[in-house]
Amino acid sequence: MSIVGFIGLGRMGANMAANLIGHVDQLLVHDVSPDAVAAMVAQGAQAAGSAKALGDECDIVFASLPTPPIVREAILGPGGVAEGSRVKIVCDLSTSGPRLAQDLHAALSARGIASIDAPVSGGIKGAKDGTLAIMAGGPQAEYDQVLPLLQRMGKPFYMGETPGAGQVMKLVNNLLGAVAIGVTSEGMAMGIKAGLDPARMIEVLNSGTGINSATRDKWPRSVLPRTFDFGFAAALSLKDTNLLLDEAEAMGVPLQLGQVVRSYLERVLADYGPDADFTAMAKVVESDAGLDPERGA
Ligand code: NAD
């Protein structure tokens, strides 16, 4: 009988956890938000009550939490998952960087718990549809045990035994995704200032070599309609970019485009507040170009 736990039922976690219901013997969940827990209980999960309770009652615990310090605290901190008596595998689905993955591996293996890092890509829609790209690192035997569950959430890719291998892959993926938004913002601002129709521009880019994840998904869904609600917070994107740049610097790999994206994201937060979506990068670039970012669609 496999009892599975899930901590962190936010925009991603709630959808990923929902895809496990009916495919595990029991799904226990926890979140600091009682509303998030209640929504999962309404779908058939059971409330664990605390992070430690997940560790006491579950064989495998998944985490989808916002930042590395929160992941560290929820798993290794006092009253955390690792204090539980039953848990054998912790699988971190959050984007929390390779260094935390290495720390989790060291601390958890000392307690006889295996650690798998398995960050995901594909946004809220991918989480809902069970079509995420999942990039995993950690011991092969335990990866094989979580594989059928990861397959409920999307398409898993095993990147190797090295703790953090999945996290490195995810940071590289995010660099490309965020740079695509930045460069698309720049190109679009130039075209709009020259009088081109933005919707027509996106049509052309998506038929030409300029096509990228921003022209394909972000502009049609959130920038052309001026809703800026793609569903990934600029604050989380900045967190990912900082993890990426720190790691790259430690490795001696210069990432100049990453630096530009970081400064755009810092501007998004400064100009549009802590809840702004990362697609608001377009507004920052438009405003630098002398366009009115508050114009309608
Ligand atoms: P979110 O802020 O929507 O959800 C986080 C959830 O964690 C919230 O429900 C919050 O209440 C809960 N939480 C916070 N601290 C907690 C604690 N100590 N114990 C228990 N629960 C706690 O974030 P999200 O968008 O779902 O992102 C989660 C992770 O997935 C992040 O690492 C993010 O970078 C990554 N990610 C997000 C997306 C996206 O499109 N949103 C895509 C890929 C990866």
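The rules behind these values
Residues numbered from 1 in each chain as written. Predicted model: local features only at pLDDT ≥ 70, side-chain atom pairs only at ≥ 80, totals over all residues. Heavy atoms only, no water. Pairing = 2+ DSSP bridges. Helix = DSSP H or I, 4+ residues; strand = E, 2+ residues; numbered from the N terminus. Core = buried A, V, L, I, M, F, W, Y, C linked by side-chain atoms within 4.5 Å. Buried < 20%, exposed > 50% of the residue type's maximum accessible area, 1.4 Å probe, protein only. Contact = heavy atoms within 4.5 Å. Domains from an automatic or database assignment. Buried area = accessible area lost by both parts, 1.4 Å probe. Salt bridge = Lys/Arg side-chain N within 4 Å of Asp/Glu carboxyl O. Right-handed = clockwise from strand over helix to strand, strands pointing away. Near = heavy atom within 4 Å. Polar contact = N/O pair within 3.5 Å; in protein donor to acceptor, adjacent residues only side chain to side chain. Areas by Shrake-Rupley, 256 points an atom, 1.4 Å probe, with all protein chains shown as cover. Nonpolar A, V, L, I, M, F, W, Y, C, P; charged D, E, K, R; others polar.

Moving on: the sheet that holds strand β4 (residues 60-63). Judged by pairing direction, the sheet is parallel, and its six strands sit side by side in the order β3-β2-β1-β4-β5-β6 without closing on themselves. Of all the strands in the sheet, just β3 (46-47) and β6 (114-117) have a single pairing partner and so form its edges. With four bridges connecting them, β4 and strand β5 (residues 89-92) associate as parallel partners. Across the sheet, residue Ala63 finds its bridge partner in β5, namely Asp92.

The biggest cluster of nonpolar side chains holds 35 residues, and the ones touching the most others in it are Trp219, Leu265, Val268 and Met281. Elements supplying a minimum of two residues to this core: α8 (165-193), α9 (198-205), α10 (213-223), α11 (234-251), α12 (256-272) and α13 (281-288). Ranked by residues supplied to this core, first place goes to α8 with nine residues. Contact partners of Val268, with chain neighbours within four places excluded, come to Ala234, Gly273, Ala276, Asp277, Ala280, Met281 and Val284.

The next thing to look at is the domain arrangement of the protein chain. What the domain assignment lists for the protein chain is domain 1 (3-161) and domain 2 (168-288). Taking only C-alpha atoms into account, the centre of domain 1 sits 28 Å from that of domain 2. In this assembly, 16 residues from domain 1 lie in contact with 16 residues from domain 2. Between domain 1 and domain 2, roughly 1,200 Å² of surface is buried when both sides are summed, and carbon and sulfur atoms account for 66% of that area. Where domain 1 meets domain 2, there are one salt bridge. Salt-bridge contacts for Arg99 lead to Glu247; the nearest nitrogen and oxygen are separated by 3.2 Å.

Another aspect to go through is the pairing of strand β9 (residues 154-158). Direction of pairing for strand β8 (residues 132-136) relative to β9: parallel, over a ladder of five bridges. Its bridge partner lying in β9, Ile134 is registered against Pro156. Where the polypeptide runs from β8 across helix α7 (residues 140-153) and back to β9, its parallel neighbour, the crossover connection is right-handed.

What follows deals with the site of the ligand. Taken together, the neighbourhood of the ligand is formed by 22 residues, with Arg11, Met12, Asp31, Leu65 and Lys239 sitting nearest. Contact distances for the ligand include 2.9 Å between an oxygen atom and a backbone N or O atom of Arg11. At 3.5 Å from an oxygen atom of the ligand is found a main-chain nitrogen or oxygen belonging to Pro66. Considered on its own, the ligand offers 840 Å² of accessible surface; in the complex 85% of this is hidden by protein. With three residues, α11 is the single largest residue contributor to the shell around the ligand. Broken down by class, the residue content of the shell around the ligand amounts to 10 nonpolar, seven polar and five charged. Both domains that meet at the shell around the ligand, namely domain 1 (3-161) and domain 2 (168-288), each give it at least three residues.

What follows concerns the pairing of strand β1 (residues 3-7). Among the five residues in β1, five count as buried, and that is most of the element. When β1 meets strand β2 (residues 26-30), the two strands line up parallel, connected through five bridges. Bridge pairing in β2 links Ile7 to His30. Between the parallel pair β1 and β2, the chain is carried across by helix α1 (residues 13-18), and the sense of this crossover is right-handed.

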